[in-house]
Amino acid sequence: MSTPVEERVSISSGGVITVIAGKVELGQGVLTALSQIAADALGADLAQVRLVAARTDGGPDEGLTAGSLSIQRGGPPLREACARVRAACVAEAARRWGVSPDEVTVRRGEFRSGDLTATYADLAKALELPMEDVRAVQEERDYVGTSVPRVDLPDKVAGRPRFIHDLRLPDQLYGRVLRPPSPAARLARPAPLPQDLRVVRDGSFLGVLAETEAEADRALGRLRRLTEWDDHDTLPDERDLRTYLRAGPHETVPVCEATGEPPEGEVVGATYSRPFLAHASMAPSAAAARWNPDGTVEVWTHSQGLFLLRRALADVLGLDLGRVVVRHVEGAGCYGHNGADDVALDAALLARECGGRPVLVRWSRADELTWSPFGSAMSVDVSAVVDAAGSVRSWEYDVWSQGHISRPTYGGEPNLLAGAHLERPWTYRAATDPPPQAGAGMTRNAEPIYDFPRARITGHRLTRTPIRSSALRSLGAFMNVFAIESFMDELALAAGRDPLAYRLDHLSDPRGREVLRRAADAAGWGRPGLGIGFAQYKGYGAYCAAVAEVEAEEELRVRRLTIAVDVGLVVNPDGVRNQIEGGAIQATSWTLKEQVRFDRRAITSRDWESYPILRFSETPEVVVELVEDPAQPSVGAGEAAQGPVAAAIANAVAASVEVRVRDLPITRDAVIRAMG
Amino acid sequence: MTRLNLNGTPVEAAADPGTPLLDVLRGEMGLVGTRFGCGAEACGACFVLLDGAAVASCTTPLSAVEGRDVVTVEGLAPGDELHPVQQAILDEQAGQCGYCLSGIMVSAAGLLARDPHPDEAAVIAALDRNLCRCGVQRRVVRAVLRAAGAEVAR
Ligand code: FES
Ligand code: FES
């Protein structure tokens, strides 16, 4: 085959058009949305388009699948690649039929000029011809904008193999890793091991291999009983994270500098916090690896960033980049930087000792809840100078937090968990944050959308910590929006004004005003007991307003959430609804229940009893209003609801039982404490 | 050898009788639709029907199913057919990552077998041992009610 028009696109003789995805399926439905974009750009029938999992060999490097940017960033290059393929086939049809390319149309996979027709299969040869430039063709929107069903769901509903845990490579072994009992623990002395245990050891990294999952679990149990660790206390006091986060050392991040002296007026302030949060994915992280006789290593992973992981693996394993091939296989729902990358290194380290046999490594539930990086605890001070009518004249805001990104290769280190345990260890650096143009981290959404005449906003990032933190859905935005929107409510109530009207009085952004109004109308605003929360994600993403209705009797329950969202051009309306519903339910869980627990030595929330999440019986009804704005570019929906929902719940609690809970989670006990 | 009826077919399992049923299903039996989530009866990802009742296969030893009926997600409907609950999950698009769905559908099928016309409260109660982290609970409840033939309000 000569140089293809597009390496990532190929056409089978049966007319199936295969496109290698640059973004990965995390449970968010991105493969479906990308299929819709590809089908429209090709003028193909959706049924003939197959988006296949991303990989480093032959697939495009589109960076991470994160930050609700997949459609925004992954859509255009995909659309362009598909448009080139379509243009090449149009040119070929025109040449065969002796007409000008302008006279060839293509719709639902059929090329036509007068009575002449052809299919993609007929014209596939065109992809091997050299192509000059591509003419822009006006594409018809057959699929973009419609609720196409998820392409991955039929397999999952039928229980077919689809997840990485289901991989069965020829001659595959199963591996388990024996993690130290705490972040500081290191192997005391290698115990003499029985002959029948297949153990892999490198420094304090210990793993076992077996022929079946059950044997691997048994072997892990035996190894655990035989192993002794040196251990000591390094963790902060979980009951006083506020002091811990504020003690430093810090990097100071100015977000907005105030000009001039603060105006005269009444000064009011409040302090808010959230604890560390776990990803708590339903499946423990897993990966497979194989060292081939030719010196290459193949890795199967549910990572969000295959190319970053490849770089990090090559560094730790001491291999040339070209020798590491990384392929995506779906995991369970992923809400940020979880253990996916770490377990890929585990698999590679175990497979290195297996003479070409592949190894599938799966973490335990306890590993998943204690070793995946956490979303950082955060603490916020906010104060305002208000005028006689209670309106904000000046705003001061400080946020203290660990960093929100420690993905592979960030800060120049591989940042893979096992790296820190090896004989020649890699340092695992404290997390940093993305730059402001990438949405920032602890200061994401620290800047309010309101028209305040004067504002100072400063972030303080902890640069040393024993607790590993990294990206969790919406990063700092969840906390910042919770704090800002709780405080706006406090200001409104103090001024004796309606919280919705108070916000609108401070807001000129028309799209913001619209989602606030739509959510309020749909929820029947004006009834007692409702709470509202609102933000534009990252300051340039989706607009989202949430209204919560709570029940605070025996138990604290969220009965209903009404959410209005504006994501610009909607690629898949039901997909957006599903993402918003899911995000809202997860945010309800974070807000009401979740908190990573630890003593001075180790993380102690290791199972679903000690890290409870929202159950069916606790799940609110979620009503989603899509505010369509097809003239605006598409932005992601996955993270937009997190902060607004938390604030709406806190504000609804304040509206129903007249207590203000400023420290998450808002449990029944926290409400009782706040009643004092 | 342990004998059991698996998805309507008599089979023999060679694994040690103490082996968790989940590992036998996913290993020896090659049925990977039943998922591992916690190994501690706390999430529902591994649920199967044992003589019609939804149980955690992660903590059920193989020996406990000797001579009994085990139905996994693959066996909810014969062949390539879908059980009404499976069809309704597709119709409602009640899934995100889908990892929790096998166990949820097993719980729901167990419910409908003993109570063909449950109300919403009964559906929620029957699914309360199943966790879902992606937040598809409301869609799932709608789907199960739809499978039961109830009018579903949107
Ligand atoms: S894996 Fe069996 S209940 Fe969680
Ligand atoms: S759909 Fe992902 S855990 Fe339920």
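What counts and what doesn't
The written sequence of each chain sets the order in which its residues are numbered from 1. In the order they appear in the text, chains get letters beginning with A and ligands get numbers beginning with 1. Reporting of local features is limited, given that this is a predicted model, to residues whose pLDDT is at least 70; pairs of side-chain atoms are given and counted only at 80 or more, and all residues count toward the totals for whole chains, interfaces and linings. Derived side-chain values reflect all non-hydrogen atoms in the structure, with water molecules and hydrogen atoms excluded from consideration. Secondary structure counts use DSSP, requiring at least four H or I residues in a row for a helix and at least two E residues in a row for a strand, with both numbered from the N terminus. Partly exposed describes any residue whose relative accessible area lies between the buried limit of under 20% and the exposed limit of over 50%, with all areas from a 1.4 Å probe on protein chains only and scaled to the type maximum. Contacts were defined at the residue level, with two residues in contact if any of their heavy atoms lie within 4.5 Å. Charged residues are defined narrowly, with Lys and Arg counted positive, Asp and Glu counted negative, and His plus the chain ends left uncounted. By convention, charge coordinates are those of NZ in Lys, CZ in Arg, CG in Asp, or CD in Glu. The definition of a polar contact used here is a pair of N or O atoms within 3.5 Å, where within protein one atom must be able to donate a hydrogen and the other to accept one, and adjacent residues in sequence count solely through side-chain atom pairs. We define a salt bridge as a contact between a side-chain nitrogen of Lys or Arg and a carboxyl oxygen of Asp or Glu at a distance within 4 Å. A 1.4 Å probe defines the accessible area here, and the buried area is the portion of it lost by two parts on being joined, summed over both. Pairs of strands are assigned from DSSP output, requiring at least two bridges between the strands. Structural elements are reduced to axes, namely lines fitted to C-alpha atoms, with helices fitted over the stretch in contact, and the angle between N-to-C directions of any two is expressed from 0 to 180 degrees. An angle below 35 degrees is treated as roughly parallel, one above 145 as roughly antiparallel, one from 65 to 115 as roughly perpendicular, and anything else as oblique. Crossings are sorted by hand: turned counterclockwise from the far helix by less than a right angle, the near helix makes the crossing left-handed, and turned clockwise it makes it right-handed. For this scheme, ten residues count as nonpolar: Ala, Val, Leu, Ile, Met, Phe, Trp, Tyr, Cys and Pro. Four count as charged, namely Asp, Glu, Lys and Arg, and the remainder, Gly too, count as polar. Boundaries between domains were set according to an automatic or database domain assignment. One confidence number per residue, pLDDT, is output by the predictor and ranges from 0 to 100.

Draft legend 1. Region of the structure containing the overall build of chain A. The number of helices and strands found in chain A is 15 helices and 24 strands. Burial statistics for chain A: of 676 residues in total, 61% are counted as buried. The contacts in chain A between residues at least 6 apart in sequence include a share of 78% that link residues at least 24 apart. Positive and negative charge centroids in chain A, built from 77 and 92 side chains respectively, lie 3 Å apart.

Draft legend 2. The arrangement of helix α5 (residues 137-147) of chain B in detail. Taken across its 11 residues, α5 of chain B has nine buried, putting it largely inside the fold. Of the residues making up α5 of chain B, those classed as buried are Q137, R138, R139, V140, V141, R142, A143, V144 and L145 of chain B. Packed against the buried residues of α5 of chain B are α13 (573-592) and β24 (621-626) of chain A together with α2 (84-91), α3 (101-114) and α4 (120-126) of chain B. One or two positions beyond α5 of chain B, positive phi appears at G149 of chain B, with a value near 85°.

Draft legend 3. Just the side chain of Q36 of chain A, in detail. All names here are of chain A. On the secondary structure map, Q36 appears in helix α1 (residues 30-42). A relative accessible area of 0% places Q36 in the buried class. Among the polar contacts listed, one links the side chain of Q36 to the backbone oxygen of V571, at a separation of 3.2 Å. Once residues lying within four places of it in the same chain are set aside, the contact partners of Q36 are L46, Y143, V144, G145, T146, V148, V571 and N572.

Draft legend 4. Structural view of the pattern of salt bridges. Evaluated as defined, the whole model comprises 68 salt bridges over all chains. Here R150 of chain A ties to D152 of chain A by a salt bridge, and the two come within 2.8 Å at their closest N and O atoms. Across the pair, exposure class does not vary: R150 of chain A and D152 of chain A are buried alike. Residue R35 of chain B is joined to D166 of chain A by a salt bridge in which the shortest nitrogen-to-oxygen separation is 2.9 Å.

Draft legend 5. Layout of the interface of chain A and chain B. Taken together, the contact pairs 58 residues of chain A with 43 residues of chain B. When chain A packs against chain B, the two sides together hide about 4200 Å² of surface, and 54% of this comes from carbon and sulfur. The three residues of chain A that bury the most area against chain B are V157, M282 and F616 of chain A, which together make up 22% of that side's buried surface. Linking chain A to chain B there are six salt bridges. Only α4 (153-158), α5 (213-226), α13 and β24 of chain A provide two or more residues apiece to the side of chain A that touches chain B.

Draft legend 6. Just the pairing of strand β5 (residues 110-113) of chain A, in detail. Residue and element names in this part refer to chain A. With burial as the criterion, only one face of β5 is covered, namely that bearing F111 and S113; the residues E110 and R112 on the opposite face remain uncovered. Here strand β4 (residues 105-107) runs beside β5; their pairing, made up of three bridges, is antiparallel. Pairing of R107 across the sheet is with E110, part of β5. Here β5 pairs with strand β6 (residues 116-119) via four bridges, running antiparallel. Across the sheet, F111 pairs through a bridge with A118, a residue of β6. Linking β5 to β6, which pair antiparallel, is a turn of two residues; within it G114 sits at a positive phi near 60°.

Draft legend 7. Fine view of the packing of α2 of chain B against α5 of chain B. All names here are of chain B. Across the interface, α2 lies against α5 with an axial gap of 8 Å and an inter-helix angle of 130°. When the interaxial angle is binned, α2 and α5 end up oblique. Of the two elements, α2 crosses α5, and the hand of that crossing is right-handed. Across from P84, V85, A88, I89 and D91 in α2, the residues of α5 making contact are V140, A143, R146 and A147. Taken together, the residues that form the contact of α2 with α5 break down as seven nonpolar, no polar and two charged.

Draft legend 8. Just the packing of α3 of chain B against α5 of chain B, in detail. Residue and element names in this part refer to chain B. The N-to-C vectors of α3 and α5 enclose an angle of 35°; their axes lie 11 Å apart at closest approach. Where α3 crosses over α5, the two elements pack in a sense that is right-handed. Touching L101, I104, A108 and L112 of α3 are V140, V144 and A147, all from α5. Residues that form the contact of α3 with α5 fall into these classes: seven nonpolar, no polar and no charged.

Draft legend 9. Spotlight on the sheet that holds strand β9 (residues 198-202) of chain A. Residues and elements named next belong to chain A. Pairing within the open sheet is mixed, and its seven strands lie in the order β9-β10-β7-β17-β14-β15-β16. Single-partner strands in this sheet number two, and they are β9 and β16 (324-328). Taking the axes of each pair of neighbouring strands and ignoring which way they run, one obtains an average angle of 25° across the sheet. As judged from the four bridges shared by strand β14 (residues 286-291) and strand β17 (residues 359-362), these two strands associate in the antiparallel manner. Bridging across to β17, A287 finds its partner in V361. Where helix α7 (residues 306-317) meets the sheet, it contacts β14, β15 (297-301) and β16, and its direction lies at approximately 145° from that of β16. Along the sheet face, helix α8 (residues 340-351) touches β7 (173-178), β9, β10 (205-210), β14, β15 and β17 and points at about 35° away from the line of β14.

Draft legend 10. Representation of the sheet that holds strand β13 (residues 266-274) of chain A in the model. Residues and elements named next belong to chain A. Read from one edge to the other, the open sheet built from five strands follows the order β12-β20-β19-β18-β13, with strand pairing classed as mixed. Where the open sheet ends on each side, the last strands, each with one partner, are β12 (250-256) and β13. Each adjacent strand pair in this sheet contributes to an overall mean axis angle of 15°, direction not counted. The pairing of strand β19 (residues 392-402) with strand β20 (residues 455-462) spans eight bridges and is parallel. Residue pairing across strands places S401 opposite R461, the latter belonging to β20. The strands that helix α10 (residues 477-494) touches are β13, β18 (378-386) and β19; relative to β13, the one it contacts most, it runs at about 145°.

Draft legend 11. Broad picture of the domain arrangement of chain A. Residues and elements named next belong to chain A. Domain parsing of chain A yields domain 1 (3-153), domain 2 (164-231 + 281-371) and domain 3 (240-276 + 374-404 + 441-674). For domain 2 versus domain 3, the distance between C-alpha centres works out to 37 Å. If you look at the interface, domain 2 gives 15 residues, while domain 3 gives 16 residues. Where domain 2 packs against domain 3, one counts one salt bridge. For D342, the salt bridge identified is with R468, shortest N-O distance 2.9 Å.

Draft legend 12. Main features of the confidence of the model for chain B. This prediction gives chain B a mean pLDDT of 96; 97% of its residues lie at or above 70. Taken over the whole predicted complex, pTM reads 0.95, whereas the ipTM for its chain interfaces reads 0.97.

Draft legend 13. Spatial organisation of the side chain of R142 of chain B. Residue and element names in this part refer to chain B. Following the sequence through the fold, R142 ends up in helix α5. Looking at R142, the relative accessible area reads 14%, which means it is buried. Among the polar contacts listed, one links the side chain of R142 to the side chain of E92, at a separation of 3.1 Å.

Draft legend 14. Up close: unusual backbone geometry. Residues and elements named next belong to chain A. Along the chain, G248 connects to P249 via a cis peptide bond; the corresponding omega equals 5°. Within the secondary structure, P249 sits in the loop between α6 (241-247) and β12. In this structure, P665 follows L664 across a cis peptide bond, with omega equal to 0°. Along the chain, P665 falls in the loop between α14 (642-657) and α15 (668-675). Despite not being glycine, T409 shows a phi value in the positive range, around 75°. Relative to the elements of secondary structure, T409 occurs in the loop between β19 and β20. For A440, which is not a glycine, the phi torsion comes out positive at approximately 60°.

Draft legend 15. Geometry of the environment of E211 of chain A. Residues and elements named next belong to chain A. With respect to the helices, strands and loops of the structure, E211 is situated in the loop between β10 and α5. Residue class for E211 comes out partly exposed when judged on its relative accessible area of 39%. Sequence spacing of E211 and A483 is 272 residues, and the spatial spacing of their C-alpha atoms is 51 Å. The contacts of E211, once residues within four sequence positions are left out, are Q172, L173, Y174, R198 and R357. A polar contact of 2.9 Å, which involves the side chain of E211, links it to the side chain of R357.

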